[in-house]
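# Residue-level structure breakdown
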Amino acid sequence: MSHPMFERHRATLERAVQAIRERTYWSAYPESASPKVYGEGAAEAGRAAFEALLGKRFPLAQPATVGDVGGERSPYGMALGVTYPKPDMDGLFAAVGRAHDQWKKAGPEAWAGVCLETLARINKASFEIANAVMHTTGQAFLMAFQAGGPHAQDRGLEAVAYAWDELARVPAQALWEKPQGKGDPIRMEKRYRIVPRGVGLVIGCCTFPTWNGYPGLFASLATGNAVVVKPHPAAILPLAITVKIARDVLAEAGFDPNVVTLFAHEPSGDVAQQLALRPEVRIIDFTGSTANGRWLEEHARQALVYTEKAGVNQIVVDSAADFAAVARNVAFSLALYTGQMCTAPQNIYVPRGG
């Protein structure tokens, strides 16, 4: 019997799988912030929801909480004043382990269904999340809405689609027969089950917390793994909102919400390294500096480590038939997304002779 959340979003998943197979453009989540798309008052309601979080303890009930942590400050000049539960590492992982034992038995349809319902609710919170992204990263609002909202959600859906496409190849059971020269054939009834790897760790960044965080989060969830989300201390709120939505969906679906947990911490210390070396952690998704990425690759040998490290993007200007057009293109590239994208040009080379 299919999981009800899976059936609710089956059409979306099938369309997403079609897009990844055809390698064509398709988006489930509109990137336009227009009230014609998201409804009259959606922007105002999202901003109000964001402002209601300021100066308070974030409403996230997690086990093994030993205090509060938080010190985010908006690049636009205000302190957010939001605090988050500070977990005891051993206690939190004990709770995550119990939740993972239940989650891994649920099966691919339940995993996909919960992921798809979570993404649908995240999409409804796009304006709230956009304000959180704006006031933690310093992005302009529309950039925060698009990259931190629908574009990030598309990346999460893409991860679910790829996971489902692979998992669906594995039959639940099969009858294997080998004909014999005489007598009955040799028969075996085979049964298969998906075996998740273990706990996934998502290490967030401060520039694009959701855009870089959602692929790893949803890829691990959709393949039956519990996930610990460790945000950058300067950009906790967007991922805290995400984690809360995921936990609400898990609870409503009858699962232990500790399948997804938040690990907020102070800026100092080696929390990321401690988390990465936990024996329970078998998958790590990291976005950040080259030095930290290399450390994870070299030391977290018990896990599959996926890193997006810093890069240097270059422009070589060799010649120009239309110099004004070249100048406009380079200027646009430098200014696009306020230069925060990892693809923003950093070095421009021109001939020595001009």
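The number of helices and strands found in the protein chain is 14 helices and 11 strands. For the protein chain, whose C-alpha radius of gyration is 23 Å, the value lies close to the compact-globule estimate of 20 Å for 354 residues. Along the three orthogonal principal directions, the C-alpha set of the protein chain runs to about 85 × 55 × 50 Å. Taking all 354 residues of the protein chain together, 44% fall into the buried category. Here the protein chain has roughly 17,500 Å² of accessible surface; of this, 54% comes from carbon and sulfur atoms. A gap of 4 Å separates the mean positions of the 35 positive and 34 negative side-chain charges of the protein chain.

The next subject is the pairing of strand E5 (residues 199–203). With 5 of its 5 residues buried, E5 lies for the most part within the structure. Burial along E5 is two-sided: Val199, Leu201 and Ile203 and Gly200 and Val202, pointing in opposite directions, are all buried. Summarising the sheet, E5 and strand E8 (residues 281–287) pair through 5 bridges and their orientation is parallel. Across the sheet, Ile203 pairs through a bridge with Phe286, a residue of E8. As paired elements, E5 and strand E6 (residues 227–230) share 4 bridges and run parallel to each other. Counted as the bridge partner of Val202 is Val229 from E6. Following the chain from E5 across helix H10 (residues 209–222) to the adjacent parallel E6, one finds a crossover that is right-handed.

Burial runs high along helix H8 (residues 141–148): 6 of the 8 residues are buried. Those residues of H8 that sit buried are Met143, Ala144, Phe145, Gln146, Ala147 and Gly148. Looking at the buried positions of H8, the neighbouring elements they touch are helix H3 (35–38), helix H7 (126–137), helix H9 (150–167) and H10.

This part is about the sheet that holds E6. Sheet architecture is open: 5 strands sit in the order E7-E6-E5-E8-E9, paired in parallel fashion. Both edges of this open sheet fall to strand E7 (260–262) and strand E9 (304–308), since each of them pairs with a single strand only. Here the average twist between neighbouring strands, direction ignored, is 15 degrees. Pairing geometry for E8 and E9, over 5 bridges, is parallel. The partner of Phe286 across the bridge, within E9, is Thr307. Seen against the sheet, helix H11 (residues 237–252) touches E6 and E7 and runs at an angle of roughly 150 degrees to E7.

Rules and cut-offs
Residues numbered from 1 in each chain as written. Predicted model: local features only at pLDDT ≥ 70, side-chain atom pairs only at ≥ 80, totals over all residues. Heavy atoms only, no water. Helix = DSSP H or I, 4+ residues; strand = E, 2+ residues; numbered from the N terminus. Rg over C-alpha atoms; globule rule 2.2 N^0.38 Å. Buried < 20%, exposed > 50% of the residue type's maximum accessible area, 1.4 Å probe, protein only. Areas by Shrake-Rupley, 256 points an atom, 1.4 Å probe, with all protein chains shown as cover. Lys, Arg positive; Asp, Glu negative; His and termini not counted. Charge placed at Lys NZ, Arg CZ, Asp CG, Glu CD. Pairing = 2+ DSSP bridges. Right-handed = clockwise from strand over helix to strand, strands pointing away. Contact = heavy atoms within 4.5 Å. Axes fitted to C-alpha atoms, helices over the stretch in contact; angles between N-to-C directions.

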